[in-house]
Amino acid sequence: MRTLTFLLLLCSIQSAAQQHIAQFVAWKPKAGAEQLFETGYRQHLLWHKTNRDPWGWYGWFIISGPRTGQFVDATVEHAWSDFDQLLKPADDRADNELHVYPYL
């Protein structure tokens with residue numbers, strides 16, 4: 001019984017130590033600017049690649065339901081502390097303002 005209790009405690013501590021935090025952002029491209037938005041978003045992903053961003057980025061358009069036409073991007077499998085040291089936040093924002101924001 002002690003062994004089982006110890007294993008359960010160890011598993012719960014291990015589970016609590018593993019943080020899997022994700023960031024999701026929903027974007028709404030302007031009507032008629034969807035292709036320009038997509039091109040700009042791809043350009044912004046090149047900024048991440050050029051700056052050796054270690055985070056993976058996923059993106060998709062919603063194609064049904066009340067949010068049809070919105071675009072969602074996400075990065076997953078992070079710890080809370082990852083968000084304390086973002087990759088060049090001012091430069092990231094400037095690139096978004098140049099390539100993405102005009103089409104929202």
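Below is a summary of the structure that appears in this document. Nothing here was measured: the structure is a model prediction, and the numbers come from that model.

Definitions and limits used
Residues numbered from 1 in each chain as written. Predicted model: local features only at pLDDT ≥ 70, side-chain atom pairs only at ≥ 80, totals over all residues. Heavy atoms only, no water. Helix = DSSP H or I, 4+ residues; strand = E, 2+ residues; numbered from the N terminus. Buried < 20%, exposed > 50% of the residue type's maximum accessible area, 1.4 Å probe, protein only. Contact = heavy atoms within 4.5 Å. Expected span 1.5 Å × (residues − 1). Arc of directions from axis to C-beta. Salt bridge = Lys/Arg side-chain N within 4 Å of Asp/Glu carboxyl O. Pairing = 2+ DSSP bridges.

A few points about unusual backbone geometry
Next up, step 1: Although it is not a glycine, Arg52 sits at a positive phi angle of roughly 55 degrees.
Next up, step 2: Positionally, Arg52 belongs in the loop between helix H2 (34-50) and strand S2 (58-61).
Next up, step 3: Positive phi, close to 65 degrees, is recorded for Glu77, a residue that is not glycine.
Next up, step 4: Summarising the element assignment, Glu77 is placed in strand S3 (residues 71-78).

A closer look at the environment of Gln19
Next up, step 1: Looking at where Gln19 falls in the secondary structure, it is placed in the loop between helix H1 (2-17) and strand S1 (21-27).
Next up, step 2: Given the relative accessible area of 36%, Gln19 is considered partly exposed.
Next up, step 3: Among all residues touching Gln19, those that are not within four sequence positions of it are His78, Ala79 and Trp80.

Remarks on the side chain of Gln70
Next up, step 1: Relative to the elements of secondary structure, Gln70 occurs in the loop between S2 and S3.
Next up, step 2: Looking at Gln70, the relative accessible area reads 17%, which means it is buried.
Next up, step 3: Look past the residues within four positions of Gln70 in its chain and what remains in contact with it is Ala26, Trp27, Lys28, Trp60, Phe61 and Ile62.

A closer look at H2
Next up, step 1: In this model H2 runs 24 Å from its N-terminal to its C-terminal C-alpha over 17 residues, within 8% of the 24 Å that 1.5 Å per residue would give.
Next up, step 2: The complete set of buried residues in H2 reads Phe37, Gly40, Tyr41, His44, Trp47 and His48. The arc enclosing the buried residues of H2, seen along the axis, measures out at 105 degrees, which places them on a common side. Summarising the geometry of H2, the exposed residues directed more than 90 degrees from the buried face are Gln35, Arg42, Lys49 and Thr50.

Some points on the pattern of salt bridges
Next up, step 1: Inspection of the entire model under this criterion finds two salt bridges.
Next up, step 2: The closest approach of N and O atoms between Glu38 and Arg42, which form a salt bridge, is 3.0 Å. With Glu38 and Arg42 both in helix H2 and four residues apart, this pair spans about one turn of that helix.
Next up, step 3: Residue classification places Glu38 among the partly exposed positions, given a relative accessible area of 26%.
Next up, step 4: The exposed category is assigned to Arg42, whose relative accessible area is 53%.
Next up, step 5: Glu97 is the salt-bridge partner of Arg93, the closest N and O atoms lying 3.2 Å from each other. With Arg93 and Glu97 both in helix H3 (residues 89-99) and four residues apart, the pair spans about one turn of that helix.
Next up, step 6: The class for Arg93 is partly exposed, based on a relative accessible area of 48%.

As for the pairing of S3
Next up, step 1: When you tally the buried positions in S3, you get six out of eight residues, the bulk of the element.
Next up, step 2: Examined bridge by bridge, S2 and S3 share four bridges and lie antiparallel to one another. Bridging across to S3, Tyr58 finds its partner in Ala74.

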